[in-house]
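Reading the structure
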Amino acid sequence: MTLFLARRILQALPTLLGVMVAIFFFVHALPGDPARLYAGQEATASELEAIRSRFGLDRSLPEQFARYVATTAGGDLGTSFRSNQPVAQVLTRHLGPTVILAISAIVVAVIGGMLLGVLAAMRRNTWADLGVTAVSILGISTPSFFLAILFIYLFAVEWRVLPVSGSTSARGLVLPTLTLAASSLGTIARFARSSYLEVAGEDFVRTARAKGLTGRVIAGKHVLRNALIPVVTIVGLQFGFLLSGAIIVETVFNFPGLGWLLIQSIDARDYPVIQALMLVFAIQFLVINLVVDVVYALIDPRVSYA
Amino acid sequence: MIRSSRILLSALLVAGFLLPQAFAQDEEVVVVSQALAHSSLNPAEATGLADASVIRTMFEGLVGFDADFELVPELATAWEVNEDATSIMFELREGVTFHDGTVFDAEAVKAYYDWVRDEDNAQPARGRSLLSDVETIEVLGPFELRIDLSGPNGAMIFNLALSNARIASPASVTAEGADITRNPVGTGPYRFREWLDGQKVVVEAYPGYWGGPPSADAIEFLEVTNAATRIAQLQSGEAHFIETVPTALVPQIDAAAGISTSVSESTFARIFPMNTQRPPFDDVRVRRAMNHAVDKEQLVQVAQQGLATVMDAPMPSPVFGYAPQDPYAYDPELARQLLAEAGYEDGFSFEVLTFTGDEYRTVGQVLQQMFGDVGVTMTLSPTERGALVDAIFQPLEETELQAGIVGASTPTGDADRALTVSFSRESWPPSSNNWSFYYDERVQELIEAGRATGDASVRQEIYAEAQEIIWNDAPWVFLYSPDNVAGTADSLTGVFYMPDRSLDARGASLD
């Protein structure tokens with residue numbers, strides 16, 4: 001297992017370097033001058049010059065790239081153009097809210113999605129199944145900006161039970177969580193249902209039944225456990241998306257997470273922050289994929305990485 | 001498993017709905033929801049309007065602007081500009097202390113401004129360029145000061161009223177390792193409490209304020225870029241004041257109980273600059289034709305629900321020196337005739353880049369139709385802000401722009417700035433905002449002359465002549481000046497938009 005982990009981590013390094021090259025040149029190819037955007041439309045030439053040299057933009061592109069790789073490898077992510085703070089500090093400040101939001105959304109999505117999916121599978125072709133299907137598809141296909149506005153209108157403006165803008169306080173978290181969880185919940189419910197049905201039709205389930213096991217044991221121990229494997233993959237991927245910053249949800253609810261930060265940084269062409277965010281997102285996906293592989297091994301004894 | 005998750009779910013729901021609705025608060029906190037992000041609270045550096053609004057509560061200048069953009073005393077009690085506008089005398093207010101306890105006096109002003117002017121300081125670029133005409137600052141007495149300029153500049157006093165010239169405690173900026181962006185120390189009625197990046201800046205009453213402590217105990221400046229979210233906040237009572245209400249939503253807010261909108265004039269302009277150095281717009285007849293082709297009253301109705309003033313001068317009316325001109329009447333027949341005289345009987349086609357966003361899109365579509373009525377075909381290319389800024393800041397040899405739909409503002413509230421930035425030779429892109437590459441020898445002379453005198457009535461006359469020339473040369477289709485539209489809770493007084501679209505929240509008070 002340790003060997004497997006070490007190999008996977010080593011394999012990730014070239015991927016990360018590739019990501020860094022791509023991000024750097026992508027960000028610098030964006031039209032828009034960070035100094036001009038920072039200083040405002042009315043800035044004079046001498047102000048712009050001062051700002052460019054402060055940002056290091058007066059150097060040649062290869063020189064900037066070399067500095068970027070060197071400092072990043074040394075663990076220094078640079079200084080934000082927009083806020084003049086160390087990028088690491090800016091990221092940490094916004095990472096917390098996103099992690100809290102992603103975890104609360106994935107908890108709601110997994111619990112809700114599994115319950116609904118298994119319920120639908122066990123009551124296949126009844127009204128309950130149909131209802132779950134309808135809810136899942138609504139959750140998947142309703143755009144989050146619409147859902148967000150709908151929730152704000154109902155809960156914050158009409159009934160006034162929850163605040164409009166999000167924050168990491170318990171009340172501020174409810175609406176962004178529900179909005180963000182909706183699509184994952186639908187996806188997980190669909191996967192759980194089909195996976196459960198597939199497994200329930202397998203030979204070993206018939207065998208279990210023939211052994212005389214009760215329906216509850218079969219459902220819990222044999223079917224559900226095996227049905228979880230594809231669901232875990234999906235949960236992993238979904239969590240990756242949630243962590244990469246729910247850009248729309250964070251923007252509408254004014255929730256100060258990484259997605260919100262990304263939008264602000266792109267708008268200001270805050271190169272160091274955009275580059276660092278992209279790198280963080282790439283690392284997140286690498287880590288999550290790794291965790292998913294490990295969890296496979298834990299759930300399914302046939303999978304091993306020895 | 002099923003049972004425990006059910007309990008968890010219910011617990012989550014209960015937590016969400018039943019937690020106390022509002023935490024009991026002893027202090028009176030005014031909540032202002034702003035449309036733009038905060039990026040710096042260092043007055044000499046901050047360029048954003050959201051920052052300027054917060055900075056105004058914590059910092060004061062020698063002079064400032066009142067609600068009508070007239071100069072008023074702040075830390076100076078009196079000032080006098082000499083006749084040839086090369087030096088300004090100030091008498092300073094006594095009994096003022098900075099939030100860090102430093103005493104405010106002539107030495108403090110000199111120490112702070114000299115720090116701003118020091119080329120070795122990387123940060124205060126904007127403040128330094130405002131003060132670039134300052135030669136020396138002379139302390140004449142404990143509360144008496146003279147600023148000598150390197151040449152005549154009749155507009156200097158307006159520069160000193162700007163946000164970037166507000167004065168910070170010299171001790172706070174020179175302290176070892178001081179992060180001036182985030183540790184603002186001024187003399188204003190409010191002092192800094194906290195800044196949660198991306199969420200809010202909070203300021204609290206400064207008990208030692210020379211004018212007596214302010215009415216509210218604290219002001220929270222929230223950062224809420226989404227307009228729908230701001231409106232929901234006002235409706236739900238989460239915010240007392242919200243910035244930038246889309247004009248289409250004004251009736252909705254006015255119809256609701258306990259909240260209303262307020263509308264005031266701005267120093268912003270929506271303009272349609274035409275490249276006067278390149279055909280077809282190098283012909284003044286074509287440019288006048290374009291002005292006659294647009295029904296500006298209708299444009300204001302469609303794009304702004306009437307909440308804007310049609311321009312009748314090259315600058316909006318709150319600007320000092322503004323001189324109204326004879327409007328270009330809406331007359332498509334005359335427009336077609338002028339085009340024919342210029343050799344464009346069959347019209348012509350061209351492309352414009354515009355900002356994305358509802359207002360610009362609507363303006364573009366209305367203009368497209370009105371130009372179409374006189375045989376001119378305009379193609380619209382909505383462009384993301386950064387890309388558009390790149391495109392419009394190209395020098396004449398490289399620019400591909402024939403015309404644009406852009407905004408212009410005059411944050412100094414003075415004609416010198418308005419004319420220099422938009423119509424002087426030195427402001428041709430890429431150096432500044434003369435988008436139409438306009439040049440007129442007489443206008444250039446007048447701008448110089450206006451700078452060379454401190455006499456307000458003489459300046460007024462000079463600027464009136466310059467505006468008449470520009471108006472007749474029509475380098476822009478002069479569109480409109482959009483109003484500032486804010487939403488306010490009925491319980492709040494004392495927060496309002498300045499014409500430059502920053503807020504004055506110093507008088508905030510709740511019933």
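The coordinates are above.
It should be emphasised that the depicted structure is a prediction, and the values quoted were computed from it without experimental measurement.

1. Some words on the overall build of chain B
Within chain B, the secondary structure is distributed over 16 helices and 23 strands. Its C-alpha atoms give chain B a radius of gyration of 25 Å, within 12% of the compact-globule value 24 Å for 511 residues. Seen along its three principal axes, the alpha-carbon backbone of chain B occupies a region of about 75 × 75 × 40 Å. When contacts within chain B are restricted to residue pairs at least 6 apart in sequence, those whose partners lie at least 24 apart make up 70%. Counting every atom, chain B has about 19600 Å² of accessible surface; 50% of that belongs to carbon and sulfur. In chain B, 31 positive and 76 negative side-chain charges are present, and the distance between their average locations comes to 6 Å.

2. Thoughts on the pattern of salt bridges
Under the counting rule described, the total for this entry stands at 26 salt bridges over all chains. One salt bridge connects E45 of chain B with R54 of chain A, and the closest N-O pair in it is separated by 3.0 Å. Here E45 of chain B, found in the loop between β1 (29–34) and α2 (49–58), pairs with R54 of chain A, found in helix α3 (residues 45–55), and the two come from separate chains. For R54 of chain A, a relative accessible area of 23% gives the class partly exposed.

3. Comments concerning the pairing of strand β18 (residues 476–482) of chain B
Residue and element names in this part refer to chain B. Most of β18 sits inside the fold, with 7 of its 7 residues counted as buried. By the bridge criterion, 4 bridges tie strand β13 (residues 268–273) to β18 in an arrangement that is antiparallel. When the bridges of β18 are listed, P273 appears paired with W476. Pairing analysis gives 3 bridges linking strand β14 (residues 308–310) to β18, with the strands arranged antiparallel. Across the sheet, the residue bridging to V310 is Y480, located in β18.

4. Digging into the packing of aromatic side chains
Each aromatic ring pair is characterised by the separation of its centres together with the angle its planes make. Per the stated rule, a full pass over the model turns up 33 aromatic pairs over all chains. Each ring, one from F55 of chain A and one from F81 of chain A, has its centre 3.9 Å from the other, and the planes form 5°; the classification is stacked. With a gap of 26 residues between them, F55 of chain A in helix α3 and F81 of chain A in the loop between α4 (61–73) and α5 (87–122) connect regions that are remote in the sequence. Per residue, the accessibility class of F55 of chain A equals that of F81 of chain A, and both read buried. Summarising the aromatic geometry, the rings of F272 of chain B and F371 of chain B are spaced 5.3 Å apart at their centres and angled 55° between planes, so their arrangement reads as tilted. Linking F272 of chain B in strand β13 with F371 of chain B in helix α12 (residues 358–373), this pair joins segments that are 99 residues apart in sequence.

5. Thoughts on the sheet that holds strand β15 (residues 349–355) of chain B
Residue and element names in this part refer to chain B. Here 6 strands make up an open sheet; going across it, the order is β14-β18-β13-β17-β15-β16 and the pairing mixed. Both edges of this open sheet fall to β14 and β16 (377–383), since each of them pairs with a single strand only. In this sheet, neighbouring strand axes are inclined to one another by 25° on average, regardless of whether the strands run parallel or antiparallel. Judged from the 4 bridges that link them, β13 and strand β17 (residues 403–409) form a sheet pairing that is antiparallel. Counted as the bridge partner of I271 is V406 from β17. Each of β14 and β18 touches helix α10 (residues 296–304); the most contacted strand, β18, lies at about 45° to it. Running at roughly 170° to β16, α12 makes contact with β13, β15, β16, β17 and β18 of the sheet.

Definitions and limits used
Residues numbered from 1 in each chain as written. Chains lettered and ligands numbered in written order. Predicted model: local features only at pLDDT ≥ 70, side-chain atom pairs only at ≥ 80, totals over all residues. Heavy atoms only, no water. Helix = DSSP H or I, 4+ residues; strand = E, 2+ residues; numbered from the N terminus. Rg over C-alpha atoms; globule rule 2.2 N^0.38 Å. Contact = heavy atoms within 4.5 Å. Areas by Shrake-Rupley, 256 points an atom, 1.4 Å probe, with all protein chains shown as cover. Lys, Arg positive; Asp, Glu negative; His and termini not counted. Charge placed at Lys NZ, Arg CZ, Asp CG, Glu CD. Salt bridge = Lys/Arg side-chain N within 4 Å of Asp/Glu carboxyl O. Buried < 20%, exposed > 50% of the residue type's maximum accessible area, 1.4 Å probe, protein only. Pairing = 2+ DSSP bridges. Phe/Tyr/Trp six-rings, centres within 6.5 Å; stacked < 30°, edge-to-face > 60°. Axes fitted to C-alpha atoms, helices over the stretch in contact; angles between N-to-C directions.

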